[in-house]
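Report on the structure
Single-letter residue listing:
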Amino acid sequence: MLRKRVAELEVEARRYRALVGSNVVSVQVYGADGTTAEVNGAYEKLWQVEAAAVAEYNVLADPQVRAFGITPLVERVFHDGEAMQMPAIRYDPQANELVGAGQAAWVASAMAPVIDAAGEVQEVIQLHLPVGELKQTEEELREQNRRLEEAVRVRTAELESKLALIGSQQQAIRDLSVPVLQLWTRVLALPLIGHIDADRGKLMLEGLLRAVTESRAEYVLIDVTGVPEVDVEAIAYLRDAVRATDLLGSRCMLVGISPTMAESLVALDVPLERVPTFATLQDGLRQALTMTSRALRT
């Protein structure tokens, strides 16, 4: 029985020596008070520090361990005898005044207590697992994400700026497509150029009514000199403009009617008996000024 037990202990001893002496996994052994009792070659290689430099190191009193919030886990190992897995941290032995040497490294670790027959913790073994490449990759990914988010933010701002510019340009184009000009006190002109479609017809009516209201115009000269031809749709918009301005107390005149347009209006049977028409803008303006002067004299 004793021989069997000795054989079992020899197996456990060989396992321990294989672990500590392999120099593949960093091993640090603490006494019951938390002071370093032993380190292996893998530990010295990982931290670039000799064993003698960490002889006075005490994990329970390490300010870095406390700053990372790991001390409560370490205390559970030493005081309660529980094996614990520690989170990955970037530890710098040079920052510890009891070491003051070595190099920093990203590590994850596990701590296991060595308990005697009475259930008391005699030693604690800590294994350090380097995760530097993994953490570096995570940091690189975070940095790439940060740069990508910044690029997206900048690009979004550029697009918003361009959209705002396009919007203002479109508004300017719309305003230019149906400009309402003030020729004289309470006399407006609406010069039309090109084909009058649904969009332009709507803009024409909105812009004209707004201008009439703001200026309190009495006469509006709708200049169709630049309109090459009219169809039923265009005539409908012109008729709506005349009726709407009349409701606001302003009178419309059609000016710039060419012989071709006159033929079109006759062919379409457009009732313009109540709408004064003139061949040129000058003729219409002269008539509007005359009517305005008469109104002032009376």
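Up top is the structure these notes are about.
Owing to the predicted nature of the structure, the values given are computational and were not obtained by experimental measurement. (Residues numbered from 1 in each chain as written. Predicted model: local features only at pLDDT ≥ 70, side-chain atom pairs only at ≥ 80, totals over all residues. Heavy atoms only, no water.)

1. Details of the side chain of Asp62
Checked against the element boundaries, Asp62 lands in the loop between helix H2 (41-47) and helix H3 (63-67). No salt bridge is formed by the buried Asp62; its nearest oppositely charged neighbour, Arg66, is found at 8.3 Å. Ignoring sequence-local partners within four residues, the contact set of Asp62 consists of Tyr57, Tyr91 and Asn96. (Helix = DSSP H or I, 4+ residues; strand = E, 2+ residues; numbered from the N terminus. Buried < 20%, exposed > 50% of the residue type's maximum accessible area, 1.4 Å probe, protein only. Lys, Arg positive; Asp, Glu negative; His and termini not counted. Salt bridge = Lys/Arg side-chain N within 4 Å of Asp/Glu carboxyl O. Contact = heavy atoms within 4.5 Å.)

2. Points about the sheet that holds strand S6 (residues 181-184)
With mixed pairing, 5 strands are arranged side by side in an open sheet as S6-S7-S8-S9-S10. Taken across any chain shown, the strands that pair with only one partner, and hence form the sheet edges, are S6 and strand S10 (277-278). For strand S7 (residues 187-193) and strand S8 (residues 219-226), the ladder comprises 6 bridges, and the chain directions are parallel. Considered in S8, the bridge of Pro191 is made with Asp223. Across the sheet, helix H7 (residues 232-247) lies against S7, S8 and strand S9 (251-255), angled at about 150° from S9, the strand it touches most. (Pairing = 2+ DSSP bridges. Axes fitted to C-alpha atoms, helices over the stretch in contact; angles between N-to-C directions.)

3. Section: empty space enclosed by the protein
What the rule picks out here adds up to 1 cavity of 30 Å³ or more. Reported here for the largest cavity is a volume of approximately 270 Å³. For the lining of the largest cavity, the elements supplying multiple residues, two or more each, are strand S1 (26-31), H2, strand S3 (84-91), strand S4 (105-115) and strand S5 (121-130). The element best represented in the lining of the largest cavity is S3, accounting for 4 residues. Counted by class, the lining of the largest cavity contains 18 nonpolar, 4 polar and 1 charged residues. (1 Å grid on protein atoms, 1.4 Å probe; cavity = no way out; pocket = protein on both sides within 12 Å on 5 of 7 lines; lining within 4 Å. Points joined across faces, edges and corners; volume = space filled by probe spheres on them. Nonpolar A, V, L, I, M, F, W, Y, C, P; charged D, E, K, R; others polar.)

4. Digging into the pattern of salt bridges
Applying the stated criterion to the full structure yields 3 salt bridges. For the salt bridge of Glu82 with Arg76, the shortest nitrogen-to-oxygen distance reads 2.9 Å. A relative accessible area of 31% means that Glu82 is categorised as partly exposed. Overall, the relative accessible area of 35% leaves Arg76 in the partly exposed class. The closest approach of N and O atoms between Glu218 and Arg186, which form a salt bridge, is 3.3 Å. With a gap of 32 residues between them, Glu218 in the loop between helix H6 (198-215) and S8 and Arg186 in the loop between S6 and S7 connect regions that are remote in the sequence. The exposure class of Glu218 is partly exposed, given its relative accessible area of 28%.

5. Some remarks on the packing of aromatic side chains
Scanning all chains against the criterion turns up 4 aromatic pairs. Where Tyr30 meets Tyr57, the ring centres are 6.5 Å apart and the plane angle is 45°; that geometry is what we call tilted. One end of the pair, Tyr30, is in strand S1; the other, Tyr57, is in the loop between H2 and H3, and 27 residues separate them in sequence. Residue Tyr57 is classed as buried on the basis of its relative accessible area, which comes to 6%. Here the aromatic residues Tyr30, Tyr57 and Phe78 are joined through ring pairs into a cluster of three or more. (Phe/Tyr/Trp six-rings, centres within 6.5 Å; stacked < 30°, edge-to-face > 60°.)

6. A short note on the sheet that holds S1
Strand order in this open sheet of 5 strands is S2-S1-S5-S4-S3, and the pairing throughout is antiparallel. Two strands in the sheet have a free side with no partner beyond their single neighbour: strand S2 (36-39) and S3. Pairs of neighbouring strands in the sheet enclose a mean axial angle of 25°, with direction left out of account. Taken together, the 6 bridges between S1 and S5 define a ladder with antiparallel strand orientation. Note on S5: the bridge partner recorded for Gln28 is Gln126.

7. Digging into the nonpolar core
Ranked by size, the top nonpolar core spans 26 residues in total, and within it Leu192, Ile222 and Val224 carry the most contacts. At the level of elements, S7, H6, S8, H7, S9 and helix H8 (259-267) are the ones that each hand at least two residues to this core. With 6 residues, H7 is the single largest residue contributor to this core. Beyond its immediate chain neighbours, meaning those up to four positions away, Val224 contacts Leu192, Leu254, Val255, Gly256, Ile257 and Met261. (Core = buried A, V, L, I, M, F, W, Y, C linked by side-chain atoms within 4.5 Å.)

8. Remarks on the environment of Gly284
Within the secondary structure, Gly284 is located in helix H9 (residues 281-297). Spatially, the C-alpha atoms of Gly284 and Ala189 are 9.8 Å apart, while their sequence positions differ by 95 residues. Once residues within four sequence positions are removed from consideration, Gly284 is found in contact with Leu221, Met253, Val255 and Phe278.

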